[in-house]
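Spelled out from the first residue to the last, the chains are:
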Amino acid sequence: MSDQEVSNKQVALKNYVTGFPKESDMQIITTDTIRLRVPEGTKDAVLVKNLYLSCDPYMRERMSASDGGFPPFELGKPLTGYGVAKILDSTHPNYKKGDLAWGFTGWEEYSLIVSPQILFKIEHTDVPLSYYTGILGMPGMTAYAGFYEICTPKKGEFVYISAASGAVGQIVGQFAKLSGCYVVGSAGSKEKVDLLKNTFGFDEAFNYKEEPDLTAALKRCFPDGIDIYFENVGGKMLDAVLANMRIRGRIAACGMISQYNLEKREGVHDLTHIVFKEIRMQGFLAATYYHLYPKFLEMALPYLKQGKIVYVEDIAEGLESGPSSLLSIFTGKNVGKKLVVVAPE
């Protein structure tokens, strides 16, 4: 590897956030130089060129000073998150120069990753590489683990998905249809509702912003109740769902995006449904299930290649668009999986 030195553009957190984040809470900085090789004597490390970066809701938690389960970002340092990268130099036995990988990296042009905890070599390059920020990456594993491992669906069951057109929801809905379930999703615009019904094949969908009574909206969509709820929203939506769950229903709590920007988070008003209906509700993180990644790929790759699953992305160009792209997922401006192209393949 050459000793070439280059400047390194980064997206850094400027100050910790309370309430709704703003673009000014982040900044684009350029370091003087980075050497494009692993430093002498550093074992089990890779130096990567980042190609794609993933905008994910959990990152909001890391923009707060308090540790809400995820450690806060360091001020003045690049954000970290999921991405797709090309290995430029390696002292790690599992990676060599020229390999492609997805996993945890920095929001910057080049990253040195020492003892990578979450990094998967990309073996299948006959699909768009950007898919490894989405359907073939963490969101795909989230959908797979939450739906199959936690909710254990049976043919004919009634499935409801909130934030259904997002990175995870669109996959869960299609998995549910392929499993023979009746599937309804909610989203926040007519465009997204149309996407759910016409592109992803949901049986029914509604715009939650147009529903004055969410409990009544779900009763209309599920006159016999809900067997499986894939929870991405929390708050008032969870209250409405609990009132509409069936006996021994299952809830996979994947995220609660309605709560992340609130200084005082909302409670749930009536949990007695969980007792009287014997409902099982389980929170989970995709990383707990990464040992199942090969099994997941065996299922997902053929579905993608046969066109049985489609995946919609919302792509922004250039690291400079990172701050506005990340914020867009909290205002609902994104349509599908939001990601940033850092460098062309």
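None of the values given here were measured: they were computed from a predicted structure.

Draft legend 1. Layout of the pairing of strand E15 (residues 337-341). Most of E15 sits inside the fold, with five of its five residues counted as buried. When strand E3 (residues 45-54) meets E15, the two strands line up antiparallel, connected through three bridges. Looking at the pairing, Tyr-52 lines up with Val-341 of E15. Bridge count between strand E14 (residues 313-317) and E15: five bridges; the pairing is parallel. Bridging from a neighbouring strand, Ala-316 pairs with Val-340 of E15. Regarding the hand of the β-α-β motif, the stretch spanning E14, helix H8 (residues 322-331) and E15 is right-handed.

Draft legend 2. Molecular detail of the nonpolar core. By size, the foremost hydrophobic cluster in this structure holds 83 residues, and its most contacted members are Leu-79, Trp-102, Tyr-132, Leu-136, Phe-175, Tyr-293 and Leu-326. Here Leu-79 is in contact with Val-11, Ala-12, Leu-13, Met-26, Met-59, Phe-73, Thr-105, Gly-106, Trp-107 and Leu-326, once residues within four sequence places are set aside. Counting 19 residues, the second-largest nonpolar core is a separate cluster that includes Ala-217, Cys-221, Phe-222 and Ile-226.

Draft legend 3. Structural view of the pairing of strand E9 (residues 182-187). Within E9, five of the six residues are buried, which leaves the element mostly enclosed by the surrounding structure. For strand E8 (residues 158-161) and E9, the ladder comprises four bridges, and the chain directions are parallel. Its bridge partner being in E9, Phe-158 is matched across the sheet by Tyr-182. Taken together, E8, helix H2 (residues 169-178) and E9 form a β-α-β motif whose crossover is right-handed. Direction of pairing for E9 relative to strand E10 (residues 204-207): parallel, over a ladder of four bridges. For Gly-185, the partnering residue across the bridge sits in E10 and is Ala-205. In this fold, E9 hands off to helix H3 (residues 190-198), which returns the chain to E10; that crossover is right-handed.

Draft legend 4. Representation of the UniProt feature "domain: Alcohol dehydrogenase-like C-terminal" (unreviewed entry) in the protein. Mapped onto the present numbering, the UniProt feature "domain: Alcohol dehydrogenase-like C-terminal" (unreviewed entry) falls on residues 167-299. Between the end C-alpha atoms of residues 167-299 there is a gap of 18 Å, over a span that is 36% helix and 22% strand.

Draft legend 5. Representation of the sheet that holds E8 in the model. Strand order in the open sheet made by the six strands is E10-E9-E8-E11-E12-E13, with parallel pairing throughout. Two strands in the sheet have a free side with no partner beyond their single neighbour: E10 and strand E13 (280-283). When strand polarity is set aside, the average angle formed by the axes of neighbouring strands in this sheet is 15 degrees. By the bridge criterion, three bridges tie E8 to strand E11 (residues 226-231) in an arrangement that is parallel. Its bridge partner lying in E11, Ile-161 is registered against Phe-230. Packed on one face of the sheet, helix H1 (residues 138-150) meets E8, E11, strand E12 (245-253) and E13 and runs near 155 degrees to E11.

Draft legend 6. Structural view of the packing of H1 against helix H7 (residues 293-305). For the pair H1 and H7, interaxial distance at closest approach is 11 Å and the crossing angle is 95 degrees. Considering their axes alone, H1 and H7 lie roughly perpendicular with respect to each other. On the side of H1, the interface is formed by Gly-140, Met-141, Tyr-144, Tyr-148 and Glu-149, while H7 contributes Tyr-293, Lys-295, Phe-296 and Met-299. In terms of residue class, the contact of H1 with H7 is made up of six nonpolar, one polar and two charged.

Draft legend 7. Here's a closer look at the side chain of Asp-89. On the secondary structure map, Asp-89 appears in strand E4 (residues 80-90). In this structure Asp-89 is buried but unpaired, with Arg-37 as the nearest side chain of opposite charge at 5.8 Å. A polar contact is formed between the side chain of Asp-89 and the backbone nitrogen of Val-38, at a distance of 2.8 Å.

Draft legend 8. Region of interest: the pattern of salt bridges. This model, assessed by the stated rule, comprises 21 salt bridges. Between Glu-320 and Lys-9 there is a salt bridge, with its nearest N and O atoms 2.4 Å apart. Of this pair, Glu-320 sits in the loop between E14 and H8 while Lys-9 sits in strand E1 (residues 5-13), placing them 311 residues apart in sequence. Glu-320 sits in the partly exposed class, given a relative accessible area of 46%. Judged by its relative accessible area of 24%, Lys-9 is partly exposed. For Arg-246, the salt bridge identified is with Asp-227, shortest N-O distance 3.3 Å.

Draft legend 9. Structural detail: unusual backbone geometry. Here Ser-115, not a glycine, exhibits a phi torsion of approximately 45 degrees, which is positive. Its place among the elements puts Ser-115 in the loop between strand E6 (110-114) and strand E7 (119-121). In this structure, Glu-278 is a non-glycine residue whose phi angle is positive, near 55 degrees. With respect to the element layout, Glu-278 can be found in the loop between helix H6 (272-276) and E13. Glu-278 sits in the partly exposed class, given a relative accessible area of 47%.

Draft legend 10. Structural detail: H8. A large share of H8 lies buried, amounting to eight of its 10 residues. Among all positions of H8, only Gly-322, Pro-323, Ser-325, Leu-326, Leu-327, Ser-328, Ile-329 and Phe-330 are buried. Of the residues flanking the end of H8, it is Gly-332, one or two places downstream, whose phi is positive at about 75 degrees.

How each quantity is defined
Residues numbered from 1 in each chain as written. Predicted model: local features only at pLDDT ≥ 70, side-chain atom pairs only at ≥ 80, totals over all residues. Heavy atoms only, no water. Buried < 20%, exposed > 50% of the residue type's maximum accessible area, 1.4 Å probe, protein only. Helix = DSSP H or I, 4+ residues; strand = E, 2+ residues; numbered from the N terminus. Pairing = 2+ DSSP bridges. Right-handed = clockwise from strand over helix to strand, strands pointing away. Core = buried A, V, L, I, M, F, W, Y, C linked by side-chain atoms within 4.5 Å. Contact = heavy atoms within 4.5 Å. UniProt positions renumbered as here; feature names shortened; annotations may be inferred. Axes fitted to C-alpha atoms, helices over the stretch in contact; angles between N-to-C directions. Parallel < 35°, antiparallel > 145°, perpendicular 65-115°, else oblique. Nonpolar A, V, L, I, M, F, W, Y, C, P; charged D, E, K, R; others polar. Lys, Arg positive; Asp, Glu negative; His and termini not counted. Salt bridge = Lys/Arg side-chain N within 4 Å of Asp/Glu carboxyl O. Polar contact = N/O pair within 3.5 Å; in protein donor to acceptor, adjacent residues only side chain to side chain.

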